[in-house]
Amino acid sequence: MDIQTRSLSPTTPALSLRPTVPQPRLTRPHVAHGTSVDAKVLVRNLDFYYGQRQALFRVSLTVRTHSVTSFIGPSGCGKSTLLRCLNRMNDLVEGARAVGRVELDGADIYDPAIDVTDLRKRVGMVFQKSNPFPKSIYDNVAYGPRLHGTKDKRSLDELVQHSLQGAGLWDEVKDRLMQSALGLSGGQQQRLCIARALAVQPDVILMDEPCSALDPIATGKIEELIYTLKDTYTVVIVTHNMQQAARVSDQCGFFLMGELVEFGDTKTIFTTPHDKRTEDYITGRFG
Amino acid sequence: MGERSKLMKNFWRGGELFVWMTASGVALSLLMVAGMLGLIMINGLGQFWPGALQETTLKTQETVIGQVVGEEVIPNSITPDSPTGQRRFRYRVGNRDVFGSEYRWINAADIVSSAHPEDLTLVERREWGPAFGRITVGVEGAATGSASGSSWTTVKTLVERANQLRRRIEHLEREEIGSINYRIEKARLARHALTLGGRLAPGDAEKDQRLLDQITALERDYLTKTEALERLHKEAGQEVLFLTVSTGRSVRLSLDQVLAVSRPNGMHWGEKLLAYVQSLWLFVSTEPREANTEGGIFPAIFGTVLMVFLMTLAVMPFGVMAAVYLREYANQGLLVRLVRIAVNNLAGVPSIVFGVFGLAFFVYALGGTIDQWLFPEALPNPTFGTGGILWASLTLALLTVPVVIVATEEGLSAVPRDFREGSLGLGATKFETLRHVILPCALPGILTGLILAMARAAGEVAPLMLTGVVKLAPALPLDEYLPFLHLDRKFMHLGFHIYDVGFQSPNVEAAKPMVYMTTLILILVVVSLNWAAVRLRNRLRRRFAASAV
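About the cut-offs
- Residues numbered from 1 in each chain as written.
- Chains lettered and ligands numbered in written order.
- Predicted model: local features only at pLDDT ≥ 70, side-chain atom pairs only at ≥ 80, totals over all residues.
- Helix = DSSP H or I, 4+ residues; strand = E, 2+ residues; numbered from the N terminus.
- Buried ≥ 20, exposed ≤ 12 C-beta atoms within 10 Å, placed from the backbone.
- Contact = placed C-beta atoms within 7 Å.
- Expected span 1.5 Å × (residues − 1).
- Pairing = 2+ DSSP bridges.
- Axes fitted to C-alpha atoms, helices over the stretch in contact; angles between N-to-C directions.
- pLDDT = per-residue confidence, 0-100.
- Domains from an automatic or database assignment.
- Core = buried A, V, L, I, M, F, W, Y, C linked by C-beta atoms within 7 Å.
- Parallel < 35°, antiparallel > 145°, perpendicular 65-115°, else oblique.
- Left-handed = near helix turned anticlockwise from the far one by under 90°.
- Nonpolar A, V, L, I, M, F, W, Y, C, P; charged D, E, K, R; others polar.

Engineer: Give me the overall build of chain A: which residues, what numbers.
Structural biologist: Along its length, chain A carries 11 helices and 10 strands. The buried share among the 287 residues of chain A stands at 46%. Long-range contacts, defined as pairs at least 24 residues apart, comprise 69% of the intrachain contacts of chain A with a sequence gap of at least 6.

Engineer: I'd like to hear about helix α2 (residues 16-45) of chain B, residue by residue, with values.
Structural biologist: An ideal rise of 1.5 Å per residue puts 44 Å on 30 residues; α2(B) measures up with 42 Å between its terminal C-alpha atoms. Little of α2(B) sits out of view: just 1 of its 30 residues are buried.

Engineer: I'd like a rundown of the sheet that holds strand β2 (residues 63-73) of chain B, residues and numbers included.
Structural biologist: Residue and element names in this part refer to chain B. Overall, antiparallel pairing links the 5 strands, which are arranged β4-β3-β2-β1-β5 in an open sheet. A single partner strand is all that each edge strand has here, and the edge strands are β4 (103-107) and β5 (111-115). Neighbour to neighbour, the strand axes of the sheet diverge by 45° on average, direction disregarded. Alignment of strand β1 (residues 54-58) against β2, held across 4 bridges, turns out to be antiparallel. Note that in β2 the partner of Thr57 across the bridge is Thr63.

Engineer: Now, about the confidence of the model for chain B: what can you tell me, with residues and values included?
Structural biologist: Model confidence for chain B is summarised by a mean pLDDT of 84, while 95% of its residues fall at 70 or above. Reported confidence for the predicted complex is 0.80 by ipTM and 0.78 by pTM.

Engineer: Break down the pairing of strand β3 (residues 68-72) of chain A for me, with residues and values.
Structural biologist: Residues and elements named next belong to chain A. Within β3, 5 of the 5 residues are buried, which leaves the element mostly enclosed by the surrounding structure. Both faces of β3 are covered, namely the face carrying Val68, Ser70 and Ile72 and the face carrying Thr69 and Phe71. Note that β3 and strand β9 (residues 251-256) share 4 bridges and pair parallel. Note that in β9 the partner of Ser70 across the bridge is Cys252.

Engineer: Lay out the domain arrangement of chain B with the relevant residues and their values.
Structural biologist: Here the domain parsing of chain B yields domain 1 (54-117), domain 2 (141-237) and domain 3 (298-543). Inter-centroid distance (C-alpha atoms) of domain 1 of chain B to domain 2 of chain B is 48 Å.

Engineer: Talk me through the nonpolar core; I want residue IDs and the actual numbers.
Structural biologist: Ranked by size, the top nonpolar core spans 148 residues in total, and within it A:Ala195, A:Ala197, A:Ile205, A:Leu206, A:Val235 and B:Val404 carry the most contacts. Of all the elements, helix α10 (residues 389-413) of chain B adds the most residues to this core, at 16 residues. Among residues more than four places away in sequence, those in contact with A:Ala197 are A:Gly124, A:Met125, A:Val126, A:Pro202, A:Ile205 and B:Leu426.

Engineer: Any details on the packing of helix α9 (residues 351-374) of chain B against α10(B)? Residues and values, ideally.
Structural biologist: Residues and elements named next belong to chain B. Contact pair α9 / α10: the axes reach a minimum separation of 9 Å and the direction vectors enclose 135°. Relative to α10, α9 is oriented oblique. When you trace α9 past α10, the crossing you get is right-handed. When α9 is examined against α10, the residues Ser351, Phe354, Gly355, Gly358, Phe362, Val363 and Gly367 are found in contact with a partner set consisting of Trp391, Leu394, Thr395, Leu398 and Leu399. Classifying every residue of the contact of α9 with α10 gives 7 nonpolar, 5 polar and no charged.

Engineer: How would you summarise helix α1 (residues 2-14) of chain B if you had to cite specific residues and measurements?
Structural biologist: Its 13 residues give α1(B) an end-to-end C-alpha distance of 18 Å, which sits within 8% of 18 Å, the value for a rise of 1.5 Å per residue. Counting buried residues in α1(B) gives 0 out of 13 residues, a small share hidden from the surface.

Engineer: Go over the interface of chain A and chain B, please, and point to the residues and values.
Structural biologist: With 27 residues of chain A at the contact, the number on the chain B side is 18 residues. Considering only residue class, the side of chain A that touches chain B consists of 13 nonpolar, 9 polar and 5 charged.

Engineer: Lay out the sheet that holds strand β10 (residues 258-262) of chain B with the relevant residues and their values.
Structural biologist: Residues and elements named next belong to chain B. One open sheet accounts for 5 strands, arranged β9-β8-β7-β6-β10; its pairing is antiparallel. Two strands in the sheet have a free side with no partner beyond their single neighbour: β9 (250-253) and β10. Neighbour-to-neighbour, the strand axes of the sheet open up by a mean angle of 40°, direction not taken into account. Pairing geometry for strand β8 (residues 239-244) and β9, over 4 bridges, is antiparallel. In the strand pairing of β9, Phe242 is matched with Arg252. Against the sheet, helix α4 (residues 152-194) makes contact with β7 (131-139), β8 and β10, and its axis sits at roughly 155° relative to β10, the strand it touches most.

Dropping the structure here:
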């Protein structure tokens, strides 16, 4: 009960994220900042099929490094499908097939030579329904690093603390790291899932409607968190909530029936959309 | 009229009758189970209570000493002058060696008087069942006991001393001499193995000599032990007991035949309770006597539990691995569907069929081959080529593997998809996801399968009769000799024990309470095994309680 109220309290201090752990991703070759093609993820003419049914039609877009990109659109428009294409989560769906090109730092992720687990390590994901494993809070965060070979107790401890701090959860759980993660509130669980994704030290974080099951206060915290995350990571978020997209994202894509109708700066999309359909959706005429 | 038909209609539509039907279904089931347990407990638990001994004088001047164990109306005895019919009593008169039969019917009309004298004694013997009468002490060679030195305390001291002596003799026979025999047999087989090729290999001569020396030393040891045994037998002393039975005849009772004496008529309820608990304890902790109709059932309890345990060890890995493959790796096509149907149907195959398969495959084919390869020195005596606890456990594992597969598959499919995706999304491989997330979460389901499998296996008898259960096993499958667990040994089983005691024993009437008691113990064993597994599962379940958002 106590925990619940604490997590919901709006007076929680502002989140801080100052990574001290060396970050290997910075040494990786990628397109330099400041150029016009500051692209982290590049999608080119992507068609996607679930068996016979086509879910995406010739989607092309560019996700900029250290930015928040949001996908909006009515249910079933393909925004989640596209998101799950970016870390090949759709491979799990039987009969799913992608045609086209998706690049991460210039490398095709659908290249048969690529290691999918390595890709997912670099492109982390946070799901619509918070899904902490039925383990302790510590073990949840340490799950990824342990799999990827971090055995040393001290660096694990450091990583766990760092990731929990990054997800703005450290102060709330530092005294009960060894307790079950299932005892946390919904919002805390979702932030734990974010911490779990951060612990793997990804480049890109995909979020599939991360706030759809949360109350407004927990949602506010996550949004604040997303805003700070973009300093270090590249964030792609799918949302149903247009205000949310407007608040957190730098770029925004509007999807309709598997087509990317419009993609551009969030401000432009929400103030002066080029397409009639985008305008109708944003102004609430349908959807 | 309209009002009434509306009421009726509502009654039918509301399903009130249906509720009553379902509730009475539950009530009936509960009643049946409670009735069954009650019947077994009443018939079984009563037997250890020290019942009063009655001395009855009949019209024929005959005296009968015994326990009244039953009463009924004589069939066809209802006549106009006795409208309720004539009654008769069933006496357990004991002394089977004297009277030929342990039970006797006595018509109520024939009884002149009955009394419960305190000096009536119940003697439990190693053979021939209980004896009832008056006891005196005598010396070896005398025809009857002397009334003088025969106070009750003397008798009790003598019996106590004889029991101590018997325990020492038994220890010497079984532990020490038994151990020597076991080692001699081992050495003999080892020597035999050396000459299997036809003649001794040149390098083995020294080894052979060493074994021979070992045997000689052991045989010397054996002789000294048997001498010690004889000395112990001599220590038994000169005293014997004489029992005056109801006919007035004096029967000699050698002290080494007497297990216990008691005078139930003189006991107050505290003593009776103590005697009751003692008999109950002896029943579950000692070995059977007298073709299983007397004594305890410890080897059967032990055999049952050990067999279930071994079966669990065999069935869990295979069942779980098969289920993991079917659910997680196999392509969910026609073939997998067929396999699943086959597995489900396997659970419905009569257990005796598994027994026949176990005999043919495990015992003859597998066991025979093992004997030829690993134990040629013992042939033609089979080691694994005959029924044994290993083959029985494996047969039961085969019988219960469908249960484990089905339950594990259900457990696996109940793990939320979110957990899989969460793990894969962190860059875990499918195997890592299985190992660290899915299998732990499915553990309660897997344990449910285990519980069902254990319940089924512990109650199964038919296949065991073909693959390793015997009515009397000379040794437990677990003892202090290397390799401690003797998987080739035959064993006793509670289920088979019930059948054997109830329907194969020479003294069925006396064995009846034993049957109920053994049944009760079997139920207790199954229940406690299940209870342990259920507790384990619930603990895990609490740990993996589904996340509530």
